[in-house]
Amino acid sequence: MKFSNLVRLAVGLSFLLFGAYTLASPPAVSYHLIKKVPLAAAPGGTEYFDYITVDSAARRVYVSHGTEVVVLNADDYTVVGTIGGLKRCHGVAVVKSLNKGFITDGEAEKVVVFDLKTLKVTGEVKTQPDTDSIIYDPASKYIFTFNGNSHNSTVIDPVKEAVVKTIDLVGGVEFPAVDGKGMIYDNNEEKNDVVAIDSKTLTIKARWPVAPEGQAVAMAMDTKNRRLFSAGRNPQFLVMMDADNGKVIQSFPITAGVDANIFEPATGLLFVSTREGMIHIFHEDSPDKLSEVETVKTEYGAKTMQIDPKTHNLFLSTSDFDPPAAPTEKQPHPLPRAKPGNFRVLVYGR
């Protein structure tokens, strides 16, 4: 080969390598507050809020708010309706093929079923005390709830609206992720591990420690690259794990009170929100490398979060807070108490 051809080949390869590198580099993002949506006090007089669910195709945002779920329009943030009559709701799962939504009501120890079009309650399924997070698994076509203080998962057939099985998970279960191929991964804040569940046999396949993270709470997954993102509160770390063998690949310190991880496949961005009032944003440069992109200051208490894939907007919720109650033997480190009557949704965009 002539020298000139070698030069051209070398230059071409260098451009290809440069292009591959730049594609893997963190994108320039600058998330900022674009809307603050005040919402009326929930019936009952106390203040409590938990998970947020976005149905991007239907342009709806389901906001857990104590005794009701508030449903927002994802584009103009107006209230579409509410689903009430709850004791203390936590999460919402949407099964569009059945036109059904499912709400965990931890205090009532049940899952409430509602019609996605009318928002009317159509049924309920008895579960376990402290029914908390909820997820739909497309592989088994089952609903799974994770019942914190009960240390187990309730498996529900959404067609029959009946319990299929209760899986003992040993320890305080938290938020899950599904791979769409038959595996569910759930954090355990008491055991400091992730439990891998076969959603078809409904059996535990493995348990993996999450050190240096402790009290594993928040979870997201990159299903394409088989990566789990688990975040915990004590010690305060985010870890990236291999979803097939549980190996911890990377870890990063985060702020206090993490409660939500969101991975966006289209951008490779990972969002981590904490009670301290921060969104930590990372980029998956490769299956074995995360890099820190940005840390966004939000408001104290804005620890739960969800993303709208269409607009890339992030939805968080919080309220004002009263000082903590006096320490007790049972609760030696009490947190500030949410103040009724000033609940709001925060919308962050680029």
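Residues numbered from 1 in each chain as written. Predicted model: local features only at pLDDT ≥ 70, side-chain atom pairs only at ≥ 80, totals over all residues. Heavy atoms only, no water.

## Considerations on the overall build of the protein chain
Next up, step 1: A count of helical and extended segments in the protein chain gives one helix and 30 strands.
Next up, step 2: In terms of overall size, the protein chain behaves like a compact globule, its C-alpha atoms giving a radius of gyration of 21 Å where 350 residues would be expected to give roughly 20 Å.
Next up, step 3: Once the C-alpha set of the protein chain is aligned to its principal axes, its extents read approximately 80 × 45 × 45 Å.
Next up, step 4: Looking at the protein chain as a whole, 54% of its 350 residues are labelled buried.
Next up, step 5: Sequence-distant contacts in the protein chain: of pairs separated by 6 or more residues, those separated by 24 or more amount to 44%. (Helix = DSSP H or I, 4+ residues; strand = E, 2+ residues; numbered from the N terminus. Rg over C-alpha atoms; globule rule 2.2 N^0.38 Å. Buried < 20%, exposed > 50% of the residue type's maximum accessible area, 1.4 Å probe, protein only. Contact = heavy atoms within 4.5 Å.)

## With respect to the sheet that holds strand S6 (residues 89–95)
Next up, step 1: Pairing is antiparallel across the open sheet formed by four strands, whose spatial order is S6-S7-S8-S9. A strand with exactly one partner marks an edge of an open sheet, and here the two such strands are S6 and strand S9 (121–126). Adjacent strand axes in the sheet meet at a mean angle of 20°, parallel and antiparallel pairs treated alike. (Pairing = 2+ DSSP bridges. Axes fitted to C-alpha atoms, helices over the stretch in contact; angles between N-to-C directions.)

## Some words on the layout of surface pockets
Next up, step 1: Its volume calculated, the largest pocket comes out at about 1,500 Å³.
Next up, step 2: Residue lining of the largest pocket: 38 residues in total, with Arg233, Arg275, Lys303, Gln331 and Leu335 positioned closest to the centre.
Next up, step 3: When residues of the lining of the largest pocket are traced back to their parent elements, those giving at least two are strand S14 (173–178) and strand S29 (337–338).
Next up, step 4: The calculated volume of the second largest pocket comes to roughly 1,100 Å³.
Next up, step 5: Lining the second largest pocket are 39 residues, with Val54, Ile135, Phe175, Val178 and Gln306 sitting closest to its centre.
Next up, step 6: Of all the elements in the fold, those that place two or more residues in the lining of the second largest pocket are strand S2 (52–55), S6, strand S10 (131–137), S14, strand S18 (216–222), strand S22 (258–264) and strand S26 (305–307).
Next up, step 7: Looking at the lining of the second largest pocket residue by residue, the classes come out as 26 nonpolar, eight polar and five charged. (1 Å grid on protein atoms, 1.4 Å probe; cavity = no way out; pocket = protein on both sides within 12 Å on 5 of 7 lines; lining within 4 Å. Points joined across faces, edges and corners; volume = space filled by probe spheres on them. Nonpolar A, V, L, I, M, F, W, Y, C, P; charged D, E, K, R; others polar.)

## Structural notes on the pairing of S22
Next up, step 1: Burial of S22 is extensive: seven of the seven residues sit out of reach of the surface.
Next up, step 2: Two strands pair when backbone bridges link them, and S22 and strand S23 (residues 269–274) are joined in this way by six bridges, in the antiparallel orientation. Paired with Phe263 across the bridge in S23 is Leu270.
Next up, step 3: The hairpin turn running from S22 into S23, its antiparallel successor, is four residues long, and Gly268 in that turn takes a positive phi close to 75°.

## Here we look at the sheet that holds strand S30 (residues 344–349)
Next up, step 1: Strand order in the open sheet formed by four strands is S1-S30-S27-S26, and the pairing between neighbours is antiparallel. Pairing within the sheet leaves two strands with one partner each, and these edge strands are strand S1 (32–38) and S26. Taking the axes of each pair of neighbouring strands and ignoring which way they run, one obtains an average angle of 25° across the sheet.
Next up, step 2: Where strand S27 (residues 314–318) and S30 come together, five bridges link them in antiparallel fashion. Across the sheet, Phe315 pairs through a bridge with Val347, a residue of S30.

## Focus: the environment of His280
Next up, step 1: Looking at where His280 falls in the secondary structure, it is placed in strand S24 (residues 278–286).
Next up, step 2: The exposure class of His280 is buried, given its relative accessible area of 7%.
Next up, step 3: In the structure, His280 is positioned 39 residues away from Met241 in sequence and 18 Å away in space, judged by C-alpha atoms.
Next up, step 4: Ignoring anything within four residues of it in the chain, the contact list for His280 reads Ile254, Thr255, Leu270, Phe271, Val272, Thr274, Glu294 and Thr295.
Next up, step 5: Reaching out from His280, the side chain makes a polar contact with the side chain of Thr255 at a distance of 2.9 Å. (Polar contact = N/O pair within 3.5 Å; in protein donor to acceptor, adjacent residues only side chain to side chain.)

## Let's talk about the confidence of the model for the protein chain
Next up, step 1: Taken residue by residue, the protein chain gives an average pLDDT of 93. The fraction at 70 or more is 93%.
Next up, step 2: Taken as a whole, residues 9–23 scores under 50 in pLDDT and shows zero contacts with residues more than four places along the chain or in a different chain. (pLDDT = per-residue confidence, 0-100.)

## Quick look at the pattern of salt bridges
Next up, step 1: Tallied over the full model, the rule gives 19 salt bridges.
Next up, step 2: Linking Lys36 and Glu299 is a salt bridge whose minimum nitrogen-to-oxygen distance equals 2.8 Å. You can see Lys36 sitting in strand S1 and its partner Glu299 sitting in the loop between strand S25 (289–297) and S26, a full 263 residues away along the chain.
Next up, step 3: We classify Lys36 as partly exposed; its relative accessible area is 41%.
Next up, step 4: We note a salt bridge from Lys110 to Glu124, for which the minimum N-O separation is 3.0 Å. Separated by 14 residues along the polypeptide, Lys110 in strand S8 (residues 110–115) and Glu124 in strand S9 bring together distant segments of the chain.
Next up, step 5: The exposure class of Lys110 is buried, given its relative accessible area of 17%.
Next up, step 6: What emerges from the salt-bridge pattern is a single network uniting Lys36, Glu299, Asp320 and Arg344. (Salt bridge = Lys/Arg side-chain N within 4 Å of Asp/Glu carboxyl O.)

## Here we look at the pairing of strand S11 (residues 142–147)
Next up, step 1: Among the six residues of S11, five are classified as buried, and the element is accordingly described as predominantly covered.
Next up, step 2: In this structure, S10 lies alongside S11, joined through six bridges in antiparallel fashion. Across the sheet, the residue bridging to Tyr136 is Ile143, located in S11.
Next up, step 3: Once S10 ends, the chain turns through four residues before running back antiparallel as S11, passing Lys141 with a positive phi of about 65°.
Next up, step 4: Where S11 lies against strand S12 (residues 152–157), five bridges are found, and the strand directions are antiparallel. Bridge pairing links Ile143 to Ile156 in S12.
Next up, step 5: Two successive antiparallel strands, S11 and S12, enclose a turn made up of four residues, where His151 displays a positive phi of approximately 65°.

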